[in-house]
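Single-letter residue listing:
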Amino acid sequence: MADIFAEGYKETPYWWDLAPRAEPDDRTPPEKADAVVIGSGNAGLSCALTLARRGRDVVVLDAEAAGHGASTRNAGYLGRGLWFKYGDMAKAVGRERAGALAGVAVEAHDYAAGLIRDEQIACFHRDTGRFIAAPSKRAYDKLEKDLEMMIADGVPVDAEMIGPERQRGEVGSGLYRGGQILRGNGVIHAGLYHRGLLERVRGEGAAVVGFCPVTAVERERNGFRVATPRGAVAAKEAFVATNGYTPRALPWQRRRVVPVSAYMVATEALPPGLMAKVLPSGRPMIENRDTPRWIRPNEDGARILFGGTTGEDLASLRDKAGHLYREMTAVAPDLDGVKLTHCWTGKVAFSFDMLPHAGVHDGLHYAMGWCASGVPMGTYLGHKTALRIVGDPDAATPLDNRRFPTWPFYTGDPWFLPLVVAWLKWRDRRTMRG
Ligand SMILES: Cc1cc2nc3c(=O)[nH]c(=O)nc-3n(C[C@H](O)[C@H](O)[C@H](O)COP(=O)(O)OP(=O)(O)OC[C@H]3O[C@@H](n4cnc5c(N)ncnc54)[C@H](O)[C@@H]3O)c2cc1C
């Protein structure tokens, strides 16, 4: 393969160029607070913002720099749906329940989009809609059938099927058999969105302390003692918002989420005219497969951001960049010859029932298992968690306090992941033949 790396190629998220991480510091957290939030991603910060605005004294702790996790590593799709395909979800939980759960995803999108608007968070939020590409006739038919079911069940979805003859108006690829335009959702700059939340949280006077890992959470008579190497915080309430990075110190939550590595690359600025060939409508695309690839323009439409969730931890990110380059040029052959400026990885968390969870266990609040929809879902359920903490009846959602399943002997190290990913890829290949 020709040299695919641009000069100055980096192995940090593209988003960090405009929204750099904080340098390590040695601040100590306050000894007391009304609430401690563990994890400073979108979920933790959204909770902290609502709590602070309801007059609570909040401390947010993170093991690394604030926003070190998936919240500044994602693709920036602000969606209105769940990972679980509607038809499959309806089979698993029944149509009425599936309708309610799909409705929460729409509310989550609308809450996050409203927050960006109301708070004037400058994060290049655009209401682009999304193209869901069908790699086979079978995948196309399933998309169409699921859409019909959602409409019949009253889910507020605005979508249009695009037949194979119109597909090249969406993506310059010979791989797909049409797809679906899903309207009413969009894209953001993931780093700037997180930074906007962080600034608002700090602006409300909440302490956000990075490089301060929580090492134990102990119940006390009046709440919790949250221990870190730089001292403990005593608080009446605590919220676990660590999703795909949930540490051993939180074994109950860690046993219930499966961290899966997802990878992305960014290209250099494309030569004039190339973006219009690759993504003619400017809409982000994601494949309708169990192991999807996704491709979108960056915030100014000059570069391509491409990713895939493979679950495979290759020896190095450079190897992964080579792998993603081959996948990217298979999807969009016009990109052959374009160089990469960034390759990075982050962890999404899947739950065993493929649905997000929020609730309280042993007095400790949690919200996680976003199944790759955490940008809107984390923001929304972080806020709802804050409402639960202050006792606001508006806190309830159909996702609360459902049984949060795990597997016997699973402790948070997903040794089975390569097998599951191989099986999903096999299923995808079979679907693609259909
Ligand atoms: C490559 C990639 C692409 C994605 N694309 C999308 C997308 O386009 N749209 C979408 O909706 N979702 C997407 N996701 C998923 C989404 O980014 C996440 O679901 C979401 O950001 C999770 O937010 P969170 O706040 O729950 O957790 P995170 O942002 O992951 O934050 C968890 C935090 O917990 C901290 N932590 C861990 N241990 C401790 C400890 N002991 N003490 C204190 N803190 C600790 C971590 O350092 C981390 O900062 C993507 C994810 C990846 C990796």
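Above this text sits the structure in question.
Note that the structure is a prediction, hence the values are computed from the model and not measured. (Residues numbered from 1 in each chain as written. Predicted model: local features only at pLDDT ≥ 70, side-chain atom pairs only at ≥ 80, totals over all residues. Heavy atoms only, no water.)

Draft legend 1. Molecular detail of the site of the ligand. For the ligand, the set of nearby residues contains 35 residues, the closest of which are D62, S71, Y77, V214 and W370. S71 places a side-chain nitrogen or oxygen 2.6 Å from an oxygen atom of the ligand. Between a nitrogen atom of the ligand and a main-chain N or O atom of A372, the distance comes to 3.2 Å. Protein coverage of the free-state accessible area of the ligand, which is 1000 Å², stands at 96%. Of all the elements in the fold, those that place two or more residues in the shell around the ligand are α1 (42-53), β13 (257-267), β17 (340-351) and α9 (374-390). Of the residues that constitute the shell around the ligand, the class distribution is 19 nonpolar, 13 polar and 3 charged. (Near = heavy atom within 4 Å. Polar contact = N/O pair within 3.5 Å; in protein donor to acceptor, adjacent residues only side chain to side chain. Areas by Shrake-Rupley, 256 points an atom, 1.4 Å probe, with all protein chains shown as cover. Helix = DSSP H or I, 4+ residues; strand = E, 2+ residues; numbered from the N terminus. Nonpolar A, V, L, I, M, F, W, Y, C, P; charged D, E, K, R; others polar.)

Draft legend 2. Structural context of the nonpolar core. Counting residues in hydrophobic clusters, the biggest one holds 55 residues, and the most contacted among them are V58, Y86, M89, Y193, M377 and L381. Contributing elements (two or more residues each) for this core: β2 (32-38), α1, β3 (58-61), α2 (86-93), α3 (95-119), α4 (137-152), α5 (190-203) and α9. For this core, the element with the highest residue contribution is α3, accounting for 10 residues. When residues no more than four places from it in sequence are discounted, the contact partners of Y193 are N42, A112, L115, I116, I121, C123, I188, V375 and T379. (Core = buried A, V, L, I, M, F, W, Y, C linked by side-chain atoms within 4.5 Å. Buried < 20%, exposed > 50% of the residue type's maximum accessible area, 1.4 Å probe, protein only. Contact = heavy atoms within 4.5 Å.)

Draft legend 3. Structural view of α1. Compared with an ideal rise of 1.5 Å per residue, which puts 12 residues at 16 Å, α1 spans 16 Å between its outermost C-alpha atoms and is within 8% of the ideal. A large share of α1 lies buried, amounting to 11 of its 12 residues. Those residues of α1 that sit buried are N42, A43, G44, L45, S46, C47, A48, L49, T50, L51 and A52. (Expected span 1.5 Å × (residues − 1).)

Draft legend 4. Expanded view of the side chain of N288. Counting through the fold element by element, N288 comes out in the loop between β14 (285-287) and β15 (293-297). Relative accessible area serves as the criterion here: at 11%, N288 is assigned to the buried category. Among the polar contacts listed, one links the side chain of N288 to the backbone oxygen of A139, at a separation of 3.3 Å. Residue contacts for N288: discarding those within four places in its chain leaves K85, I132, A133, P135, A139 and L143.

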